[in-house]
Structures are given as structure tokens and as C-alpha cells.
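Overview (structure and organization)
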Amino acid sequence: MTTVRAFIVEDNPAQRASLAGTLREMARIDPVGQAESEAEGTRWLTRNPALWDLAIVDLFLGDGTGFSVLEACRNRDPRQKMVVLSNHATPETRRKCAQLGADAVFDKATEVEELIDFCVRQRQERFFSAPSSAGPLAPR
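Residues numbered from 1 in each chain as written. Predicted model: local features only at pLDDT ≥ 70, side-chain atom pairs only at ≥ 80, totals over all residues. Heavy atoms only, no water.

**Examining the overall build of the protein chain**
A tally of regular secondary structure across the protein chain gives 5 helices and 5 strands. Walking the protein chain from its N terminus toward its C terminus, one meets helices and strands in the order β-α-β-α-β-α-β-α-β-α. Against the compact-globule benchmark of 14 Å for 140 residues, the protein chain has a radius of gyration of 14 Å, which places it among compact chains. Looking at the 140 residues of the protein chain, the share that counts as buried comes to 44%. Contacts in the protein chain between residues far apart in sequence, at least 24 positions, make up 68% of those at least 6 positions apart. (Helix = DSSP H or I, 4+ residues; strand = E, 2+ residues; numbered from the N terminus. Rg over C-alpha atoms; globule rule 2.2 N^0.38 Å. Buried < 20%, exposed > 50% of the residue type's maximum accessible area, 1.4 Å probe, protein only. Contact = heavy atoms within 4.5 Å.)

**Points about the side chain of Thr 42**
One can find Thr 42 in helix H2 (residues 38-47). Beyond its immediate chain neighbours, meaning those up to four positions away, Thr 42 contacts Ser 68, Val 69 and Ala 72.

**Observations regarding the side chain of Ser 37**
For Ser 37, the position within the fold is in the loop between strand E2 (29-35) and H2. Owing to a relative accessible area of 10%, Ser 37 belongs among the buried residues under this scheme. Separated by 3.1 Å, the side chain of Ser 37 and the backbone nitrogen of Glu 40 make a polar contact. Not counting the four nearest positions on each side in its chain, Ser 37 is found in contact with Val 9, Leu 61 and Asp 63. (Polar contact = N/O pair within 3.5 Å; in protein donor to acceptor, adjacent residues only side chain to side chain.)

**Focus on the UniProt feature "domain: Response regulatory" (unreviewed entry) in the protein chain**
The sites that carry the UniProt feature "domain: Response regulatory" (unreviewed entry) are, in the present numbering, residues 5-123. Across residues 5-123, the secondary structure splits into 45% helix and 22% strand, with the terminal C-alpha atoms separated by 10 Å. (UniProt positions renumbered as here; feature names shortened; annotations may be inferred.)

**Here's the deal with the confidence of the model for the protein chain**
Looking at the protein chain as a whole, its pLDDT mean stands at 91, while 91% of the residues score no less than 70. The low-confidence segment residues 132-140 (pLDDT under 50) makes 16 contacts with residues lying over four places distant or belonging to another chain. (pLDDT = per-residue confidence, 0-100.)

**Regarding the environment of Gly 21**
Looking at the element boundaries, Gly 21 is found in helix H1 (residues 13-27). Given a relative accessible area of 28%, Gly 21 falls into the partly exposed group. Each C-alpha atom, one on Gly 21 and one on Pro 31, is 8.5 Å from the other, the two residues being 10 residues apart in sequence.

**Some thoughts on H2**
Buried within H2 we find Gly 41, Thr 42 and Leu 45. Projected down its long axis, H2 carries its buried residues within an arc of 95°, all on one side. (Arc of directions from axis to C-beta.)

**Points about the UniProt feature "modified residue: 4-aspartylphosphate" (unreviewed entry) in the protein chain**
Mapped onto this numbering, the UniProt entry annotates "modified residue: 4-aspartylphosphate" (unreviewed entry) at Asp 58. Mapped onto the fold, Asp 58 is located in the loop between strand E3 (54-57) and helix H3 (66-72).

Pasting the structure below:
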């Protein structure tokens, strides 16, 4: 396998579809599933740990929050990455996400390119780099 499998938790159907297409096209990431609520996202991610490498989570969902999704996945395999993509990427929100185990936080309005770069790096590190002794990526 030479792809990173991503699961998207986002309540806006148009944004989910757009993100899935962008991941496929620009980062060669395989969107393996999506959820629109905290319960649905948490349930799938925790029940299918062998089926995902990257979770992209919005914080404010129509039903619940991405904070709870992060918390539920806190004890995941260290190779699995959790990132937040939100319109509310304030310094305080970034700190809270890091405390809950997020590997990075990106602002939907201004940091989508950085998210794509993060995804490309994940794919390169997973499949094309020798194992590194460097620590995990610092939260943004």
C-alpha cells in the first residue's frame, strides 16, 4: 500500500466532498470514509483502528464536537495522525486540541495549503522515508 487512508469528520456535505476531492487530487490521500457527527465519527474511528491512518476533524459539528472525537482517539497508534480543520483555529483552540492529542490544527480559511502539505509529508514519511528517530510533529 502506498496511500494514506483518511477519515473525514465534517458536518457540511459540500465541504466533506470538496476536502475528499482535494485530498485525492493534490495529496494522493485515499478518503476511506466520512462522518457528519461526533457520535458517528467517534464510533467509526474507534471501531476500525486498522482502517485509517489520518483523521481530519472539524471542531463544531451539527451534532457534537470534534474535541470529543479527539479525546476518544487519544490512545490511538502513534502512526495514526489526527488533525483539526476548523474556522475557529485560535491560539486557545490550538492549545486545547494539542492537549487532546491533535497532531496539527489548520484554519479552513487560510491554511488549507498547509493541510495538504501535512498530508503529503505523512505519505512521504510513511512510504518513502527511512524510519526516523525524530519525535512526532509538533502541534501547530
